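Tertiary structure, described
These are the residues of each chain, in order.
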Amino acid sequence: MAVKKKMKWQDYFPGCFKPDSPNPNQKKLVSKQSSFQRISLSDLSSSTLSEDLSISLAGSNLHVFTLQELKVITQNFSSSNFLGEGGFGPVHKGFIDDKLRPGLKAQPVAVKLLDLDGTQGHREWLTEVIFLGQLRHAHLVKLIGYCCEEEHRLLVYEYMPRGSLENQLFRRFSVSLPWSTRMKIAVGAAKGLAFLHEAEKPVIYRDFKASNILLDSDYTAKLSDFGLAKDGPEGDDTHVSTRVMGTQGYAAPEYIMTGHLTAASDVYSFGVVLLELLTGRKSVDKSRPHREQNLVEWARPILKNPRKLSRVMDPRLEGQYSEQGAQKAAALAYQCLSHRPKLRPTMSEVIKILEPLKDLDDIQIGTFVFAVSTDSDSQKEFSRDSERPKKESGHYHHRHKLHEGHKNRAKSPKSPLSFTETALQKD
Ligand SMILES: Nc1ncnc2c1ncn2[C@@H]1O[C@H](COP(=O)(O)OP(=O)(O)OP(=O)(O)O)[C@@H](O)[C@H]1O
Ligand SMILES: [Mg+2]
């Protein structure tokens, strides 16, 4: 039987309470314990969130960093290391050298800093630490550690060289992603979701969208951002009831209407991202004609009609896609976007359908050339030239409120700069 040792909140987050007097013997790694059982947020009462986390955070293997260390790693959060900004706060690139911690290899990292004036706070930070600290998978971004000093809350992740799918797919001057890469990304992200849904204690991700899918140098997709994640229903329950949160354009209609959250809500959001990959259009785009602004409303009726499908396919693909593959992916998106959650496939079924598609080779041979600069080149350009957007710059994108009267995570200011693989341009 799994026996959990009673431990105090301070034992797991020592940095929050001892910023000025570091104990030289303090363990910097929240180490694996012999009897691992994932703890869930529901195990924590609201008082434990701020006071005493008397539950084991076993198996986390997270490193505890000091604010000073993270300042050094990111060159004092310099604008030249700025990667982007979401609802939590700004994200900076940093570099850990092999002398910082025994057992922690030299590597680039992404450091997310809580914006103390923002709408998110300790709860979102803790949710991320609890979920991502305990879940490890090839298609989830790795949380390396955290910092919790006084009111400061930071998260340290593995660095994902190609940034988010949102940047890769929608930045105006970026090189178009080829068909097979799009399918690879869809499969990778599907595997991340399937892992969460099929875990011993299932997790509903709740915020599946292009900006939360990060890409490795070889376009391996990894899910990031667990601030909205929820433990799935247990026992005979069919759903969990929650405040309606998420992002407009991605959230499932029944979830918006009732607040009932199931794994099928994530499947709907997956369908929206799949549609974005097929069409190259954003789930909501206010700059388009009125009837085309909501991607699902515009494209869904066409998805089942193979003869009309080319009308909605991304023109930037220049016809360089497998017709068979596109038809199967479109039919799958149609199913995922069903208004009846029970008719949506499970994520394992999605993987089974999608996985073979990237290898279909009925692609017209054209003159299109996909030019990719090296990682280091593109990253150099990005790091050197990007700047932290000013709050007054008017480049804020706000996450839409889904439900009046409910606190929602605000979507955040984004960099006003367009990052491309070969060039960097102002919007
Ligand atoms: N691990 C990482 N490696 C590289 N870049 C990252 C990493 N994590 C985040 N980023 C960059 O930082 C940006 C902001 O990420 P963040 O998740 O905070 O916000 P978002 O997803 O854009 O918005 P939201 O708050 O709605 O989730 C991303 O667009 C991405 O480009
Ligand atoms: Mg995000």
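Scroll up to find the structure this text is about.
Computed from a predicted structure; not experimentally measured.

1. Points about the side chain of Glu 254
You can see Glu 254 is positioned in helix H7 (residues 253-258). A distance of 2.8 Å separates a polar atom in the side chain of Glu 254 from a polar atom in the side chain of Arg 344. If we ignore the near neighbours within four places in the chain, the residues touching Glu 254 are Gly 259, Ser 265, His 339, Pro 341 and Arg 344.

2. Some thoughts on the coordination of the magnesium ion (ligand 2)
For the magnesium ion (ligand 2), the full set of protein donor atoms is Asn 212 (OD1) and Asp 225 (OD), and the range of their distances to it is 1.8 to 2.0 Å. On the criterion of sequence distance, the pair formed by Asn 212 in the loop between strand S8 (203-204) and strand S9 (213-215) and Asp 225 in the loop between strand S10 (221-223) and strand S11 (230-231) is long-range, its members being 13 residues apart. Judged by its relative accessible area of 15%, Asp 225 is buried.

3. Focus on the pairing of strand S5 (residues 107-113)
Of all seven residues making up S5, six are buried, and the element is well covered by its neighbours. As defined by bridge partners, strand S4 (residues 90-96) adjoins S5 across six bridges and the pair is classed as antiparallel. Along S5, the bridge assignment pairs Gly 94 with Val 109. As defined by bridge partners, S5 adjoins strand S7 (residues 152-158) across five bridges and the pair is classed as antiparallel. Paired with Ala 110 across the two strands is Tyr 157, which belongs to S7.

4. Structural notes on the pattern of salt bridges
Scanning all chains against the criterion turns up ten salt bridges. Between Asp 225 and Lys 112 there is a salt bridge, with the nearest N and O atoms lying 3.1 Å from each other. In this pair, Asp 225 sits in the loop between S10 and S11 while Lys 112 sits in strand S5, placing the two residues 113 residues apart along the sequence. On the basis of relative accessibility, which here comes to 11%, the residue Lys 112 falls in the buried class. In this structure, Asp 285 engages Arg 288 in a salt bridge whose closest nitrogen and oxygen atoms are separated by 3.4 Å.

5. Some words on the nonpolar core
Counting residues in hydrophobic clusters, the biggest one holds 89 residues, and the most contacted among them are Leu 165, Ile 213, Leu 223, Phe 226, Phe 270 and Leu 354. Among the elements that take part in this core, helix H6 (residues 179-197) stands out by supplying ten residues, more than any other. For this core, the domains that each give at least three residues are domain 1 (11-18 + 28-159) and domain 2 (165-365 + 416-421). Counting 14 residues, the second largest nonpolar core, distinct from the first, contains Phe 65, Ile 73, Phe 77 and Ile 144.

6. Notes on the state of the cysteines
Applying the stated criterion across every chain yields a total of zero disulfides. Between Cys 147, a free cysteine, and Cys 148, which holds the nearest cysteine sulfur, the sulfur-to-sulfur gap is 7.1 Å. Overall, the relative accessible area of 0% leaves Cys 147 in the buried class.

7. Here's the deal with the environment of Lys 191
If you trace the backbone, Lys 191 turns up in helix H6. In this structure, the C-alpha to C-alpha distance between Lys 191 and His 137, residues 54 residues apart in sequence, is 9.2 Å. Not counting residues up to four positions away in its chain, the partners in contact with Lys 191 are His 137, His 139, Ile 351 and Glu 355. Here the side chain of Lys 191 touches Glu 355 through a polar contact of 2.7 Å, side chain to side chain.

8. Remarks on helix H10 (residues 323-336)
Spanning 14 residues, H10 covers 20 Å between terminal C-alpha atoms, matching the ideal 20 Å at 1.5 Å per step. Along H10, the residues that are buried comprise Gly 325, Ala 326, Ala 329, Ala 330, Leu 332, Ala 333 and Cys 336. In an axial view of H10, the angular spread of the buried residues amounts to 160°, which keeps them on one side of the axis.

9. What to know about the packing of H6 against helix H8 (residues 263-279)
Orientation of H6 relative to H8, taken along the N-to-C sense of each, is 170°, at an axis distance of 10 Å. By the angle between their directions, the pair H6 and H8 is classed as roughly antiparallel. Along the contact surface, H6 presents Trp 179, Arg 182, Met 183, Ala 186, Ala 190, Leu 193 and His 197, while H8 presents Ala 263, Asp 266, Val 267, Phe 270, Leu 274, Leu 277 and Leu 278. Of the residues belonging to the contact of H6 with H8, the class tally is eleven nonpolar, one polar and two charged.

10. Section: unusual backbone geometry
Even without a glycine there, the phi angle at Asn 76 is positive, about 60°. Locating Asn 76 in the fold gives a position in the loop between helix H3 (67-73) and strand S3 (82-85). Of note, Arg 206 is a non-glycine position whose phi angle comes to about 70°, a positive value. If you trace the backbone, Arg 206 turns up in the loop between S8 and S9.

Thresholds applied
Residues numbered from 1 in each chain as written. Chains lettered and ligands numbered in written order. Predicted model: local features only at pLDDT ≥ 70, side-chain atom pairs only at ≥ 80, totals over all residues. Heavy atoms only, no water. Helix = DSSP H or I, 4+ residues; strand = E, 2+ residues; numbered from the N terminus. Polar contact = N/O pair within 3.5 Å; in protein donor to acceptor, adjacent residues only side chain to side chain. Contact = heavy atoms within 4.5 Å. Donors = N, O, S within 2.8 Å, 3.2 Å for Na, K, Ca; no water. Buried < 20%, exposed > 50% of the residue type's maximum accessible area, 1.4 Å probe, protein only. Pairing = 2+ DSSP bridges. Salt bridge = Lys/Arg side-chain N within 4 Å of Asp/Glu carboxyl O. Core = buried A, V, L, I, M, F, W, Y, C linked by side-chain atoms within 4.5 Å. Domains from an automatic or database assignment. Disulfide = S-S within 2.5 Å. Expected span 1.5 Å × (residues − 1). Arc of directions from axis to C-beta. Axes fitted to C-alpha atoms, helices over the stretch in contact; angles between N-to-C directions. Parallel < 35°, antiparallel > 145°, perpendicular 65-115°, else oblique. Nonpolar A, V, L, I, M, F, W, Y, C, P; charged D, E, K, R; others polar.

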